[in-house]
Amino acid sequence: MRSQLEEIMTRRRQLEEIMTRRRQLEEIMTRRRQLEEVMTRRRQNVRSYYQEKIVRRREVLNRRRLNVRSYDQEKTGHRATPEPNGRLRIVIKKTRPLLGIAIEGGVNTGQPLPRIISIHTSGAAFEAGGLKVGHIILEVNGFKTGKLKHNEVAQLIADSFYSSDTDQLELLVVERARTELELRRSSFLVLE
């Protein structure tokens, strides 16, 4: 009887030790989960901090670039004014004998909207700044280009620049939309 009682007491102590170890292990696991959550939040905070810092830095650089450009533009009279939806209104003064852009596209081509494919350094468009290869031309001096053929757009731009009625050409442009492949490629860059 006594040996059975001792055996029961021994087992009870073993069970209590096991339960104590189990509680300790649960506490350790709970603390570990809490630490992992804290680390995840810190990583997210650091990531968002640096993303915000990058955005602020880009804004500063863009403002500096615009300030330099605006100083140059004050001398020549050219203007590049950002508009909503990523559009840009470019005013090109006739400071040089050539406009200096080449375009492709029109409703009769595979590229329905006219797009700038080159900007020559000897032209007024290069001097104006703001225009980039790939910009899509939405308007020329207030005339929409969406329903014009290639030769009509080219003629409209040439007539507007070389006409003696005004001393400037105004273009409303927008960045070329990214293709699905370019979007995928940029998303991979973000993940790296």
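Student: Describe in detail the overall build of the protein, supporting the description with residues and values.
Tutor: Scanning the protein for helices and strands turns up four helices and seven strands. Listed by position from the N terminus, the elements making up the protein come as α-β-β-β-β-α-β-β-α-β-α. Burial statistics for the protein: of 192 residues in total, 22% are counted as buried. Counting contacts in the protein only where the partners sit at least 6 residues apart, residues at least 24 apart contribute 60% of the total. As displayed, the protein has an accessible area near 14,600 Å², and 54% of this comes from carbon and sulfur atoms.

Student: Outline unusual backbone geometry, supporting the account with residue identities and numerical values.
Tutor: In this model, N141 sits at a positive phi of 50°, which is unusual for a non-glycine residue. Checked against the element boundaries, N141 lands in the loop between β5 (136–140) and β6 (143–144).

Student: Describe the confidence of the model for the protein, listing the residues and the values that go with them.
Tutor: Here the protein averages 82 in pLDDT, while 84% of its residues score no lower than 70. Per-residue pLDDT, averaged within each element of the protein, yields its smallest value for helix α4 (residues 180–191) (48) and its largest for β5 (94). Counting interchain partners and residues more than four positions distant, the pLDDT-below-50 stretch residues 68–72 has two contacts.

Student: Can you explain the pattern of salt bridges? Please cite residues and give values.
Tutor: Here the structure, examined in full by the defined rule, presents 13 salt bridges. Linking E36 and R32 is a salt bridge whose minimum nitrogen-to-oxygen distance equals 3.4 Å. Of this pair, E36 and R32 both sit in helix α1 (residues 2–76), four residues apart, roughly one helical turn. On the accessibility criterion, E36 (42% relative accessible area) is partly exposed. For R56, the salt bridge identified is with E52, shortest N-O distance 3.9 Å. In this pair, R56 and E52 are both assigned in helix α1, four residues apart and thus about one turn of the helix distant. Here R56 falls in the partly exposed class, since its relative accessible area comes to 42%. Of the residues examined, E52 reaches a relative accessible area of 46% and is grouped as partly exposed. Each of the salt bridges in this network shares a partner with another, and the network as a whole consists of E83, R89, E139, K144 and E170.

Student: Run through the nonpolar core, naming residues and quoting values.
Tutor: Core analysis: the largest hydrophobic core is formed by 22 residues, its most contacted members being I92, L99, L131, I137, I157, L169 and L171. Secondary structure elements with two or more residues in this core: β2 (87–93), β3 (101–104), β4 (115–119), α2 (124–128), β5, α3 (150–162) and β7 (168–174). Per-element tally for this core: the top contributor is α3, with four residues. Apart from the residues within four sequence positions on either side, I157 is in contact with L99, I103, I137, V140 and L169.

Student: Please give an account of the packing of aromatic side chains that cites residues and values.
Tutor: Counted under the stated rule, the structure contains two aromatic pairs. Measuring from ring centre to ring centre gives 5.0 Å for Y49 and Y50, while their planes differ by 75°; the resulting arrangement is edge-to-face. The class for Y49 is partly exposed, based on a relative accessible area of 40%. Take Y50: its relative accessible area is 47%, and that puts it in the partly exposed class.

Student: I'd like to hear about the environment of K93, residue by residue, with values.
Tutor: One can find K93 in strand β2. Each C-alpha atom, one on K93 and one on L169, is 6.4 Å from the other, the two residues being 76 residues apart in sequence. A distance of 3.1 Å separates polar atoms of two side chains, one belonging to K93 and the other to Q168.

Conventions used here
- For every chain, the first residue of its written sequence is number 1, and the numbers climb from 1 along that sequence.
- Totals for whole chains, interfaces and linings use every residue, but because this is a predicted model, local features are given only for residues with pLDDT of at least 70 and side-chain atom pairs only at 80 or more, for both listing and counting.
- The side-chain quantities take in all heavy atoms of the structure and omit both hydrogens and water.
- Helix numbering and strand numbering both begin at the N terminus, where a helix is a DSSP run of H or I of at least 4 residues and a strand a DSSP run of E of at least 2.
- In this scheme, a residue with accessible area under 20% of its type's maximum is buried, one over 50% is exposed, and one in between is partly exposed, where area comes from a 1.4 Å probe on protein chains only.
- The contact criterion used throughout is that any non-hydrogen atoms of two residues lie within 4.5 Å.
- Here the Shrake-Rupley method, with its probe set to 1.4 Å, supplies the accessible areas, and only the displayed protein chains count as covering residues.
- One confidence number per residue, pLDDT, is output by the predictor and ranges from 0 to 100.
- We count a salt bridge whenever a side-chain nitrogen from Lys or Arg sits within 4 Å of a carboxyl oxygen from Asp or Glu.
- We define a nonpolar core as any set of buried Ala, Val, Leu, Ile, Met, Phe, Trp, Tyr and Cys residues linked to one another through side-chain atoms lying within 4.5 Å.
- Each pair of aromatic rings taken from Phe, Tyr and Trp, with Trp reduced to its six-membered ring, is defined by centres within 6.5 Å and is described as stacked if the planes are under 30 degrees apart, edge-to-face if over 60, and tilted in the remaining cases.
- Two N or O atoms form a polar contact when they lie within 3.5 Å of each other; inside protein one atom must be a possible hydrogen donor and the other a possible acceptor, and for residues adjacent in sequence the pair counts only when both atoms belong to side chains.

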